[in-house]
Amino acid sequence: MIHDQQAAVDVGTAYGFTPGSPLEQIARVGPGTPMGEVLRRYWQPVALTDKVTQTPQRVRVLGEDLLLFRDGTGRPGLLYPRCCHRGASLYYGGVEENGIRCCYHGWVFDVEGRCLEQPCEPELGLHRDRVRQPWYPVTERYGLVWAYMGPPERKPVLPRYDVFEELGPGQAVHADDSGFSGGGPAELDFNWVSHWENVMDPFHVPILHARFSGNQFVPEMAIMPEVSFSYLDHGIRSESTRTLPDGRTLRRVTEAVFPNLRVVADPRLSLGACDVLGWVVPVDDENFKIFTLFRSADPDRLSQMRTAFGGKRWAELNDEEHRRMPGDYEAQSSQGRISLHTDDHLTTTDQGVTMLRRMMARVARQVADGGDPPGLVFDEKDELVCVRGGNYIEPLTDDSAEATP
Amino acid sequence: MLTEPFATAVTEHRVSAWGRWGRIVSVPATAPAIIGRLARDFEIVWVSAWGHNAHTALREALGLPDVPWRFLPVQFGKARAVAAYAGDRPWALVHDGLDDEPSESGTVVRVDPRRGLDQVDAEKLVEAVHGLPYREIHRRGSRP
Ligand code: FES
Ligand SMILES: [Fe+2]
């Protein structure tokens, strides 16, 4: 009786288990990768305006090593670092009024890569306009330097956001690059998708941030929500409904806006539209940064909003405290440098994640086929984007929530 | 359930399973009839990330029987799992996923996620699968 014998044997042991693999088409960000090409179709924040100076700095964005500086007239520039003459790095270059001078033979390039001077050549280079140092368009807004790393002929308009255009008395827009919402260090050392998917994972909140590690936000977050998920034109929305102890109903609306904008309602439940927006920007396949913009009269508002771990900040915890009070960083970084997505066992409460993965793969295919990804703005008159995420006590009246799969 | 932009007529349903989450989904208007036809000749099993919730959630939208069909708890390598479940019986997998589902022993019917089951010709599929030989895995396995 073969069946009886088998039933007595242990099953599911780790013996012979072979780990799965990442979903490459959504995880990789380098040039030519499916999702890398999607990300390159949008303006991406690459640095805080304040940190871009006349000292050239190395930056790595979407797997590309680049050089960021500000010329003497104040214009930011983002250049490929290897000098087009004979390859010395412009990191050792010197910034001048109109560009950067390579240390080796003194060629000067402006912020758009035009060669202005070849000092060893007759008349400073009679044919210097025939070379171009590879460059990317950059622009500044809201305290961030944004770069467009996609095909030049498809360059969109850099959007404005209603929550940053309508300021209250004394308020200003502030920018942050300290990894806000990552729950860990400023530069996060794992694949960006593990963080990005977490935006559409409302069910980890009552567990990780409340029941498991003690209330990391406010006690109401321990209430298990009822969540409805929907596809939007520009991303995925979750709407978490909680019945508060006083009987009122709280709706927490969070959106993952393509391709990498977090519109996450304040986990401390301040009411109203979300005025803290975060861009999850891959450094490369295994590292990312989060650039956050917020509106406030208090420039320190964001640091006060950071996750508390038993009254301490993340960086102050020792290993044992990290183990006892894990937060987003511990959970997400422990999924792996790049998560092994095919080993996941997704459930219906993970469907925000499923929907996001599906949409990413669909959009990647669309872009590979020559189409445009969603949410691009090509006309300045459409540049204003309305932020719909937030915490609401009243039922949400919303015309943009499509009832789709 | 279909993904926008739809390429066929749909009906909309608010679905859930045991509460906790909800979603408005669109299913092809033709889906209930197609599934009903397939169920006459096939043993239908779910191979979905919705797992045991799939039947409960979609019962009304698709006009499914009260007793849930079985589900296979896999999300990747679905064809392999179906083949293992089918054993020596002929089988077909209707697949709208983004990944490929290579198969040696059965039929994978690839459908556009914007059309879903609407793309399946039930009569043809029944006929095609009836035409497949029962596999001889047991006999083959016992050969020296
Ligand atoms: S319970 Fe979700 S990752 Fe372990
Ligand atoms: Fe979290």
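Every chain's residues receive numbers from 1 upward, in the order its sequence appears when written. Just so you know, chain letters begin at A and ligand numbers begin at 1, following the order they were written in. Local features in a predicted model are, by the rule used here, given only for residues with pLDDT of at least 70; side-chain atom pairs are given and counted only at 80 or more, and totals for whole chains, interfaces and linings are based on all residues. With hydrogens and water stripped out, all remaining heavy atoms of the structure feed into the side-chain values.

Per an unreviewed UniProt entry, the recorded name for chain A is Rieske 2Fe-2S domain-containing protein, and the organism is Streptomyces spongiae.

## A look at the overall build of chain B
Strands here are runs of E lasting at least two residues and helices are runs of H or I lasting at least four, both read from the DSSP assignment and numbered beginning at the N terminus. In terms of helices and strands, chain B carries 5 helices and 4 strands. Using C-alpha atoms as the atom set, the radius of gyration is obtained and then compared with a globule rule of 2.2 Å times the number of residues to the power 0.38. Computed over the C-alpha atoms, the radius of gyration of chain B is 16 Å, within 12% of the 15 Å expected from 2.2 N^0.38 for a compact globule of 144 residues. Expressed as a percentage of contacts within chain B between residues at least 6 apart in sequence, the contacts between residues at least 24 apart total 52%. For chain B, the exposed area adds up to about 8,000 Å²; of that, 53% sits on carbon and sulfur atoms. Two residues form a contact once any of their heavy atoms are found within 4.5 Å. Surface exposure here means Shrake-Rupley accessible area, sampled with a 1.4 Å probe, where a residue is shielded only by the protein chains that are shown.

## Thoughts on the pattern of salt bridges
All names here are of chain A. Whenever Lys or Arg places a side-chain nitrogen within 4 Å of a carboxyl oxygen from Asp or Glu, that contact is recorded as a salt bridge. The full count for this structure, using the stated rule, is 37 salt bridges over all chains. Between Arg-324 and Glu-320 there is a salt bridge whose closest N-O contact spans 3.7 Å. Here Glu-320 and Arg-324 lie together in helix 8 (residues 319–324), a separation of 4 residues that amounts to about one turn. Given a relative accessible area of 39%, Glu-320 falls into the partly exposed group. Linking Lys-381 and Asp-382 is a salt bridge whose minimum nitrogen-to-oxygen distance equals 3.7 Å. The buried label goes to any residue with under 20% of its type's maximum accessible area, the exposed label to any with over 50%, and the partly exposed label to all in between, with areas taken from a 1.4 Å probe on protein chains only. On the accessibility criterion, Lys-381 (67% relative accessible area) is exposed. Residues joined by salt bridges that share partners form a network here, namely Glu-24, Arg-28 and Asp-285.

## Structural notes on the interface of chain A and chain B
Many analyses report the size of an interface as the accessible area lost when the parts associate. Counting residues at the interface gives 29 residues for chain A and 23 residues for chain B. Once two parts are put together, the accessible area they lose, assessed with a 1.4 Å probe and summed over both, is termed the buried area. Across the chain A/chain B interface, buried area totals approximately 2,300 Å², and carbon plus sulfur atoms make up 53% of it. Inspection of the region where chain A meets chain B yields 1 salt bridge. A salt bridge links Asp-96 of chain B to Arg-358 of chain A; the nearest nitrogen and oxygen atoms lie 3.0 Å apart. Any pair of nitrogen or oxygen atoms within 3.5 Å is treated as a polar contact; in protein, a donor-acceptor pairing is required on top of that, and neighbouring residues in sequence qualify only through side-chain atoms on both sides. Where chain A packs against chain B, one counts 9 residue pairs in polar contact (both at pLDDT 80 or more). The set of elements that each furnish at least two residues to the side of chain A that touches chain B consists of strand 15 (226–232) and helix 10 (351–368) of chain A. Residue contributions to the side of chain A that touches chain B peak at 7 residues, all from helix 10 of chain A.

## Observations regarding helix 3 (residues 78–86) of chain B
Residue and element names in this part refer to chain B. Burial in helix 3 covers these residues: Lys-78, Ala-79, Ala-81, Val-82, Ala-83 and Ala-86. Among the structural elements, strand 3 (92–95) and strand 4 (107–110) are those in contact with the buried residues of helix 3. Count one or two residues on from helix 3 and you reach Gly-87, which has phi positive near 65°.

## Examining the UniProt feature "domain: Rieske" (unreviewed entry) in chain A
UniProt marks residues 43–147 of chain A with the feature "domain: Rieske" (unreviewed entry), using the numbering shown here. Counted over residues 43–147 of chain A, helix gives 0% and strand 41%. Its end C-alpha atoms are 5 Å apart. UniProt positions are given in the numbering used here, feature names are shortened, and annotations may be inferred rather than shown by experiment.

## What about empty space enclosed by the protein?
Residues and elements named next belong to chain A. Using only the protein atoms, space was sampled on a 1 Å grid; points where a 1.4 Å probe fits but cannot get out form cavities, open sets with protein on both sides within 12 Å along at least five of seven lines form pockets, and lining residues are those with an atom within 4 Å of a point. Grid points are joined across faces, edges and corners, and a volume is the space filled by probe spheres set on the points. Counting across every chain of the model gives 1 cavity of 30 Å³ or more. What the largest cavity holds in volume is close to 50 Å³. Looking at the largest cavity, the residues that line it are Pro-45, Val-46, Val-59, Arg-60, Val-61, Val-281, Pro-282, Val-283, Lys-289 and Phe-291. Elements with a minimum of two residues in the lining of the largest cavity: strand 1 (43–48), strand 2 (57–61), strand 20 (276–284) and strand 21 (287–296). Domain borders in the structure are assigned automatically or taken from a domain database. Here the lining of the largest cavity gathers at least three residues from each of two domains, domain 1 (48–139) and domain 2 (156–394).

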